[in-house]
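Overview (structure and organization)
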There are 2 protein chains.
Amino acid sequence: MTQMIAQLGEPGLLQLVQRFCPAEIVGDDAAVLSLIPAQSLVVTTDVLVDRVHFSDRTTPPHSVGWRAIAANLSDLAAMGAMPIGVTVGLGLPGETPVDWVEALYQGMWDCLRQYGGAIVGGDLVRSPVRTVSITAFGQVEPDKVMRRSGAQVGDLIVVTGAHGRSRAGLAQLLNPKLGDDRDLIQAHQYPVPQLAIGQRIRDFATACMDSSDGLADAVLQLCQQSQVGAQITQLPIPARLTDHPQVKDWTLYGGEDFELVVCLAADAASGLMREFPQMQIVGRITAGTSVELHDHRFAPEILSRDRSFQHFTPPS
Amino acid sequence: MTQMIAQLGEPGLLQLVQRFCPAEIVGDDAAVLSLIPAQSLVVTTDVLVDRVHFSDRTTPPHSVGWRAIAANLSDLAAMGAMPIGVTVGLGLPGETPVDWVEALYQGMWDCLRQYGGAIVGGDLVRSPVRTVSITAFGQVEPDKVMRRSGAQVGDLIVVTGAHGRSRAGLAQLLNPKLGDDRDLIQAHQYPVPQLAIGQRIRDFATACMDSSDGLADAVLQLCQQSQVGAQITQLPIPARLTDHPQVKDWTLYGGEDFELVVCLAADAASGLMREFPQMQIVGRITAGTSVELHDHRFAPEILSRDRSFQHFTPPS
């Protein structure tokens, strides 16, 4: 029989989750951490809600934990920072299986072990809906911070990988008749925070953000913050989806690929592309404020933020 | 007619909450903050859920915001730290009134303005239940950190104020027939984080924690972490509740008073008590591991953590 957390009780549950925290952190009102001297603190936070951001149908608990961490580390990567640690706030109904909680923490732990940082604090509370709140802290030299606001007319726009894979994987998870492509499903369940590339490009990037809310949203936000426009000339569509009828939408609006979208001077790009062959030039920063798709494979269009995911209105 | 956040839409909601954030923070994947050189980072987090930790019956949204911040700043105070900033993760149903969200942020802002720190980041997501996740960061000189584990046999146990006021205020809010004592209701709705006393006592304290989960829980945890026992000889009961039949329970187990419970050598106590007249000696650290109540006004008893609030099992 599946054991539920209401049966385990709070002391048992605390013991379970503390196995995933460094021993020296546990037991005080707050965690004490040291930064590398003269580095700035970088902070980001995400809230994930059952049936809004994950579900048993598409994401086993190990993947929920991994994704929650990866999303936050991706934000740190986009700032040029490296992770120090995370806090985990969990809201859970009493009838949550103990196994679910354990796999969730194992997923967070596995992602942190691979990319850096530790679970340094948290809160466990009763809630009618499973809710995972992550806050991640990183550190960065103050003069190496990447922001969204520095893009210059003439810069190239470069991404760290194809876009739309996560959305395509989600489609298959929601409707197995569509296929069972392990690479796409992996992209949805186990995204990779681009910390190494983030560290490397920060010497060259004029602006950067991650593509958690989609490629179109990222380019639009970079342009808005930098008061420039853009032409997207080569959508970074996934190789195995070239002929898929929804590939344009998924690439532009799918979201959750957690790649970096980077602006940089053209002469800096070629060296980086040799170093990281997965990087692709997708377009160029232009004068004005219009963000336009001019990829010969698709009808031209002007992009706008209305298509971005609206958290408080259900998608039509 | 009350406007709901689903009608406002995400861009409007973002604009609303960003009014409460420093302008230089808004617009990137993460916030960048500077610590005072050579100070350690202190991190703490709390998740608050509608009808579990607050309700429209007992806490208007301004108070929900204030309490959420005060609880986290209280944890920083207990570590001897001063606040830098907080992140706010909000899960909200679409049918949440815009006014509710605005008052929540106003309450957070008012508490931060008074005690220090700013809202430096956040996340707004759709959720079937109102959920407020706060992570607070502070800073402290590494050699001034107060922990739970340093209490010594013979230390005095001192608190920064009476206990049970918040619980008594809650009782009146839940059942107005019991009274309408503004002081008790204020204690419940607008607790005060003891940052100033935290700064002052850290030169003397051998151990400290806050009493968010009740006085009994705090003394038990301090004793457990320090491997000592305690005798509580003078319960810090609120003056106006002296003759109340539930005063002993509320003082020991009520929780949410957010006072500091401090262990320190007897010779350090008298000067501090003159400086902060609201501080009270409640007992003494003893050898062994037993935590006992020996207050002549009440029957003696041995305290245990079983009585502490169990988050995942409803109180009997």
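Counting starts from 1 at the beginning of each chain's written sequence and moves along it residue by residue. Numbering of ligands from 1 and lettering of chains from A proceed in the order in which they are written. Thresholds applied to this predicted model are a pLDDT of at least 70 for local features of residues and 80 or more for the giving and counting of side-chain atom pairs; totals over whole chains, interfaces and linings are not thresholded and use all residues. Processing note: side-chain calculations cover all non-hydrogen atoms of the structure and skip hydrogens and water entirely.

With respect to the pattern of salt bridges
All names here are of chain A. The rule for a salt bridge is simple: a side-chain nitrogen of Lys or Arg has to be within 4 Å of a carboxyl oxygen of Asp or Glu. Applying the stated criterion across every chain, the model contains 30 salt bridges over all chains. The salt bridge involving Arg-202 is made with Glu-141; its shortest N-O contact spans 3.2 Å. Of this pair, Arg-202 sits in the loop between helix H6 (195-201) and strand S7 (205-210) while Glu-141 sits in the loop between strand S5 (131-140) and strand S6 (156-159), and the two are 61 residues apart along the sequence. A salt bridge links Glu-301 to Lys-248; the nearest nitrogen and oxygen atoms lie 2.4 Å apart. You can see Glu-301 sitting in strand S12 (residues 301-302) and its partner Lys-248 sitting in helix H8 (residues 247-253), a full 53 residues away along the chain. Only protein chains enter the area calculation, which uses a 1.4 Å probe; residues under 20% of their type maximum are buried, those over 50% are exposed, and those in between are partly exposed. Look at Lys-248 and you get buried, because its relative accessible area is 18%. In this structure, a network of salt bridges that share partners links the residues Arg-165, Asp-181, Asp-183 and Arg-240. Secondary structure counts use DSSP, requiring at least four H or I residues in a row for a helix and at least two E residues in a row for a strand, with both numbered from the N terminus.

Digging into the pairing of strand S10 (residues 280-286) of chain B
All names here are of chain B. As paired elements, strand S6 (residues 156-159) and S10 share 4 bridges and run antiparallel to each other. Bridged to Leu-156 within S10 is Arg-284. Two strands form a pair only when DSSP identifies at least two bridges running between them. Examined bridge by bridge, strand S8 (residues 229-232) and S10 share 4 bridges and lie antiparallel to one another. Looking at S10, one finds that Gly-229 is bridged to Thr-286.

Re the interface of chain B and chain A
The contact criterion used is simple: two residues touch if any of their non-hydrogen atoms lie within 4.5 Å. Of the residues lining the interface, 57 residues belong to chain B; the matching set on chain A comes to 57 residues. At the junction of chain B with chain A, the criterion picks out 4 salt bridges. Here Arg148(B) ties to Asp29(A) by a salt bridge, and the two come within 3.0 Å at their closest N and O atoms. Definition of a polar contact: a pair of N or O atoms within 3.5 Å, with one able to donate and the other able to accept a hydrogen when the atoms are protein atoms, and with sequence-neighbouring residues admitted only if both atoms are side-chain atoms. At the junction of chain B and chain A, the tally comes to 20 residue pairs in polar contact (both at pLDDT 80 or more). Every element with two or more residues in the side of chain B that touches chain A is listed here: helix H1 (5-18), strand S1 (31-33), strand S2 (40-49), helix H2 (61-78), strand S3 (82-92), strand S4 (118-126), strand S5 (131-140) and strand S7 (205-210) of chain B.

Side note on the sheet that holds strand S11 (residues 291-293) of chain B
Residue and element names in this part refer to chain B. Strands sit in the order S7-S9-S6-S10-S8-S11-S12 across an open sheet of 7 strands; the sheet is mixed. Strands with a single pairing partner mark the edges of an open sheet, and in this sheet they are S7 and strand S12 (301-302). Pairing analysis gives 3 bridges linking S8 to S11, with the strands arranged parallel. Following the sheet pairing, Ala-230 is matched in S11 by Val-291. Fitting a line to C-alpha atoms yields each axis, with helices limited to the stretch in contact; the angle taken between N-to-C directions then spans 0 to 180 degrees. With respect to the sheet, H2 is in contact with S7 and strand S9 (260-264), its orientation differing from that of S7 by roughly 170 degrees.

Some points on helix H5 (residues 182-189) of chain A
An α-helical segment advances 3.6 residues per turn. Residues three or four places apart therefore align on the same side. All names here are of chain A. Those residues of H5 not exposed but buried are Leu-184, Ile-185, Ala-187, His-188 and Gln-189. Of the surrounding secondary structure, the elements contacted by the buried residues of H5 are helix H2 (61-78) and helix H4 (165-174). Two or three places before Asp-183, at the opening of H5, Asp-181 has a side-chain oxygen 3.0 Å from that residue's backbone nitrogen.

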